[in-house]
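Each chain, letter by letter, is given below.
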Amino acid sequence: MDRVRLHIKGLSYSQTQSGAYALVLGEEDGERRLPIIIGGFEAQSIAIALEKGVNPPRPLTHDLFKNFADVFQIKLKEVIIHKLQDGVFFSILVCESNGQEQVLDARTSDAVALAIRFDCPVFTYKDILDKAGIILKEGQGTGKAPSAPKSTIQTEEAASETTPAPKSTSDLKSKNSDQLHKMMDEAVNNEDYELAARIRDEIDRRSAN
């Protein structure tokens, strides 16, 4: 399958899930964006890694993983977001040690946090981006990653890597196709990727019927 490299385009606070954030990944040499809901702890870890000058007094979990891997000469070669099932993104870590390659299952937020620290590429497959990507038109913004958010405590359940959940689908269902596409353009133009993802899902649902 065709692979597409992704880059981090921004982090924004989720309007529908308390303590959650939307991680926005963008395709290389393209305009599509892939918004993924992640937990507050993972968002903090990603933001700290992006802010190169921020050094926590004690290593975060992902920093500890990186230090552990360095000591035992384990290299993270690449991260692949390889599956989208029931709105959940699945990722793998492709590692190498002593010339042998190993593949590990990982949550997408953890995988991205590690990819930043190992300075390794993040990929997804074209069919996933075709299905879940949001297309930006020329001249529309990409957003910027914020400073590291305040520390929060999250459970595994709160940190699920999913496509953003809608506040309510009734409003979208009442709109016709032209209205939905206009709302999509406005949401993307305002960099409201969470709303854009909900509209995208409603358009895809109608196309499948």
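Details of the structure are given in the entry above.
Residues numbered from 1 in each chain as written. Predicted model: local features only at pLDDT ≥ 70, side-chain atom pairs only at ≥ 80, totals over all residues. Heavy atoms only, no water.

Some thoughts on the overall build of the chain
Looking only at helices and strands, the chain has seven helices and eight strands in total. Across the 209 residues in the chain, those meeting the buried criterion constitute 45%. A fraction of 63% describes how many contacts in the chain between residues 6 or more apart in sequence connect residues 24 or more apart. Of the roughly 11300 Å² of accessible surface on the chain, a fraction of 48% belongs to carbon and sulfur atoms. (Helix = DSSP H or I, 4+ residues; strand = E, 2+ residues; numbered from the N terminus. Buried < 20%, exposed > 50% of the residue type's maximum accessible area, 1.4 Å probe, protein only. Contact = heavy atoms within 4.5 Å. Areas by Shrake-Rupley, 256 points an atom, 1.4 Å probe, with all protein chains shown as cover.)

Things to note about the nonpolar core
Core analysis: the largest hydrophobic core is formed by 34 residues, its most contacted members being Leu 34, Ile 38, Ile 46, Leu 76, Val 79, Phe 89 and Leu 93. Among the elements that line this core, the one with the most residues is helix α3 (residues 108-118), at seven residues. Beyond its immediate sequence surroundings of up to four residues, Ile 46 is in contact with Ile 8, Leu 11, Leu 23, Ile 38, Ser 109, Val 112, Ala 113 and Ile 116. Residues Ile 134, Leu 172, Met 184 and Ala 196 belong to the second largest nonpolar core, which totals ten residues. (Core = buried A, V, L, I, M, F, W, Y, C linked by side-chain atoms within 4.5 Å.)

Quick look at helix α2 (residues 61-71)
Inspection of α2 places His 62, Asp 63, Lys 66 and Ala 69 among the buried residues, and these make up the whole buried set. Relative to the axis of α2, the buried residues are bounded by an arc of 125° and lie together on one face. Opposite its buried face, α2 presents the exposed residues Thr 61, Leu 64, Phe 68 and Val 71, each directed more than 90 degrees away. Buried positions along α2 lie against α1 (40-50), β4 (74-85) and α3. Trailing α2 by a residue or two, Gln 73 shows a phi angle of about 55°, which is positive. (Arc of directions from axis to C-beta.)

A word on the sheet that holds strand β6 (residues 100-106)
Across the sheet, eight strands lie side by side as β6-β5-β4-β7-β1-β2-β3-β8; this open sheet has mixed pairing. The sheet is open, and its two edges are formed by β6 and β8 (134-135), each paired on a single side. Note: strand β2 (residues 20-27) against strand β3 (residues 32-39), seven bridges, orientation antiparallel. Along β3, the bridge assignment pairs Leu 23 with Ile 36. (Pairing = 2+ DSSP bridges.)

Examining the pairing of β2
Most of β2 sits out of view: eight of its eight residues are buried. Of the two faces of β2, the one lined by Ala 20, Ala 22, Val 24 and Gly 26 and the one lined by Tyr 21, Leu 23, Leu 25 and Glu 27 are each fully buried. Here β2 hands over to β3 after four residues, with Asp 29 in that stretch at a positive phi of 60°.

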